[in-house]
Amino acid sequence: MIRYQDIISKFQIDGEITEVKPLGHGTVNHTFEIVCGGKNYVLQEMNHFVFKYPTEVMNNLFLVTEYLRDVIEKEGRDPDLETLTFIRTKAGNQLLQSETGSYFRLYRMICSGEEMKKPKNREEAYELGRILGQFQRRMRDFDVRQLSYTVPRLHDMKAVVRRLLDAVRADICFRTSDCQEQIQFVLERSERLYRLKEAVDAGQIPLRVTHNDAHYSNILVDPDSKKAICLIDLDTVMPGVSTLDFGDSVRAGAATLGEDERTGDIEIDLNMFRSHLQGYADEMARVLTPKEKEVIGYSVWLMAMEKGIRYLVDYLNGDQNIFDFSYERQNLYRAVNQFFLVLDIEEKMDQMNEIAAAVFAKHEK
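Residues numbered from 1 in each chain as written. Predicted model: local features only at pLDDT ≥ 70, side-chain atom pairs only at ≥ 80, totals over all residues. Heavy atoms only, no water.

Draft legend 1. Local environment of the nonpolar core. The biggest cluster of nonpolar side chains holds 97 residues, and the ones touching the most others in it are Ile309 and Leu312. Broken down by element, this core gets its largest block of residues, 14 residues, from helix α11 (residues 296-316). Residues contacting leucine 312, with those up to four places away along its chain left out, are Leu164, Cys179, Gln182, Ile183, Val186, Leu332, Ala335 and Phe339. Ranked by size, the runner-up nonpolar core spans 13 residues in total, among them Ile13, Cys36, Tyr41 and Ile87. (Core = buried A, V, L, I, M, F, W, Y, C linked by side-chain atoms within 4.5 Å. Buried < 20%, exposed > 50% of the residue type's maximum accessible area, 1.4 Å probe, protein only. Helix = DSSP H or I, 4+ residues; strand = E, 2+ residues; numbered from the N terminus. Contact = heavy atoms within 4.5 Å.)

Now the structure itself:
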């Protein structure tokens, strides 16, 4: 049982706890809203089985949010509203390790925002793109070499394919025969999975500060205006390719169905894609390199491929990495869902590239 007052007393805040309640809908960390001394805070017990390097995660968070505060202040805006503010322990540490080995962190709660699950219209899609672009724009001059890679080899497609081949060879759950069609689907496209890595190695695409989980559920939205306030859930912030953030937000936010739908009717909504991109480009068009602009549509395809492969690997390995498990073949159906999305993106890629060219052209005038 968590003794909240004992934990809170070790952070650099004062007062008695008057209210504690569970917060959010995440499945990784245990999150609570704490009212202490008349102020609202968020206390999280970090899942160190998922985040195996909690001190590196927190160092990244402090570096990024403190840098953001300076940038936001220079823009004449309110850093208490537009980024998270993490609080150190009284010993000066970035997180607290309990006697039982659990890790806790504390930050100020932004009470004027609410979390959402998925953009329902083009205005909300625009806001998702804009707030992601704003985050990346504000971090554009940050020395990304200061950040740790807290999720090793994230978006490393050679490693992703290697894990699939290892899972197929091992076949520890005797499931390979169930998904020959899906395995072949990946292998037929394997040579197309490495374009971004090649562009990074060639110096055409720089490494930037990326969020790596930029879905609509990870932004705070003003409940009245529905304008995005800031990105939250920054645990996966680290060096990365900017367009993969955009690609994943579109993959999740502009798809017509969710990942757990068990039909082949999932599509990418081109109007939602356009709105995502318009918001993103309003912030990032003058920052992105020509190559980054060129691979915008490809990045959506790549993130759908990566997500599908990861679900397929999880299924072959016995569903070891699923947090909201509902039925035995759930990961396989999720993989199939994403591969149907890949097929639709492939059919629409020319249209997506035309939309991207037109959106970016407006910012060159």
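Draft legend 2. Representation of the packing of helix α6 (residues 180-189) against helix α12 (residues 330-362) within the structure. Where α6 meets α12, the closest approach of the two axes is 11 Å, and the angle between their N-to-C directions is 40°. As far as their axial angle goes, α12 and α6 are oblique. Regarding α6 and α12, the two cross each other, and that crossing is left-handed. Contacts between α6 and α12 involve Gln182, Phe185, Val186 and Arg189 from the former and Leu332, Val336, Phe339, Val342, Leu343 and Glu346 from the latter. Of the residues assigned to the contact of α6 with α12, the class counts are seven nonpolar, one polar and two charged. (Axes fitted to C-alpha atoms, helices over the stretch in contact; angles between N-to-C directions. Parallel < 35°, antiparallel > 145°, perpendicular 65-115°, else oblique. Left-handed = near helix turned anticlockwise from the far one by under 90°. Nonpolar A, V, L, I, M, F, W, Y, C, P; charged D, E, K, R; others polar.)

Draft legend 3. Structural view of the packing of aromatic side chains. Considering all chains together, one arrives at eight aromatic pairs under this definition. Pairing phenylalanine 86 with tyrosine 107 gives two aromatic rings, centres 5.1 Å apart and planes at 55°, and the pair type is tilted. With phenylalanine 86 in strand β4 (residues 86-87) and tyrosine 107 in strand β6 (residues 103-108), the pair connects residues that are 21 residues apart, well separated along the chain. Summarising the burial analysis for this pair, phenylalanine 86 and tyrosine 107 share the class buried. Where phenylalanine 246 meets phenylalanine 273, the ring centres are 6.2 Å apart and the plane angle is 65°; that geometry is what we call edge-to-face. Taken together, the positions of phenylalanine 246 in helix α8 (residues 242-253) and phenylalanine 273 in helix α9 (residues 270-284) put the pair 27 residues apart, joining distant regions of the chain. By relative accessible area, phenylalanine 246 is classed as buried at 0%. Residue phenylalanine 273 is classed as buried on the basis of its relative accessible area of 0%. A connected cluster of aromatic rings, assembled from ring pairs, spans Phe62, Phe86 and Tyr107. Sitting over the ring of phenylalanine 62, arginine 88 keeps its end group 4.7 Å from the ring centre. Above the ring of phenylalanine 185, the side-chain terminus of arginine 189 is found at 3.7 Å from the ring centroid. (Phe/Tyr/Trp six-rings, centres within 6.5 Å; stacked < 30°, edge-to-face > 60°. Lys NZ or Arg CZ within 6 Å of the ring centre and 35° of its normal.)

Draft legend 4. View of the pattern of salt bridges. Taken as a whole, this structure holds 31 salt bridges when the rule is applied. Here aspartate 235 and arginine 105 are joined by a salt bridge, their closest N and O atoms 2.5 Å apart. You can see aspartate 235 sitting in the loop between β10 (228-231) and β11 (238-240) and its partner arginine 105 sitting in strand β6, a full 130 residues away along the chain. Side by side, aspartate 235 and arginine 105 carry an identical accessibility label, which is buried. Ionic pairing is found between glutamate 124 and lysine 120, a salt bridge with its closest N-O pair at 3.3 Å. (Salt bridge = Lys/Arg side-chain N within 4 Å of Asp/Glu carboxyl O.)

Draft legend 5. Layout of a negative patch on the surface. Together, Glu66, Asp70, Glu73 and Asp78 line one region of the surface with negative charge. Note that aspartate 70 resides in helix α2 (residues 54-74). By relative accessible area, which is 43% here, aspartate 70 ends up partly exposed. (Patch = residues over 30% accessible without salt bridge, like charges linked within 9 Å, V, L, I, M, F, W, Y side chains within 5 Å. Areas by Shrake-Rupley, 256 points an atom, 1.4 Å probe, with all protein chains shown as cover. Lys, Arg positive; Asp, Glu negative; His and termini not counted. Charge placed at Lys NZ, Arg CZ, Asp CG, Glu CD.)

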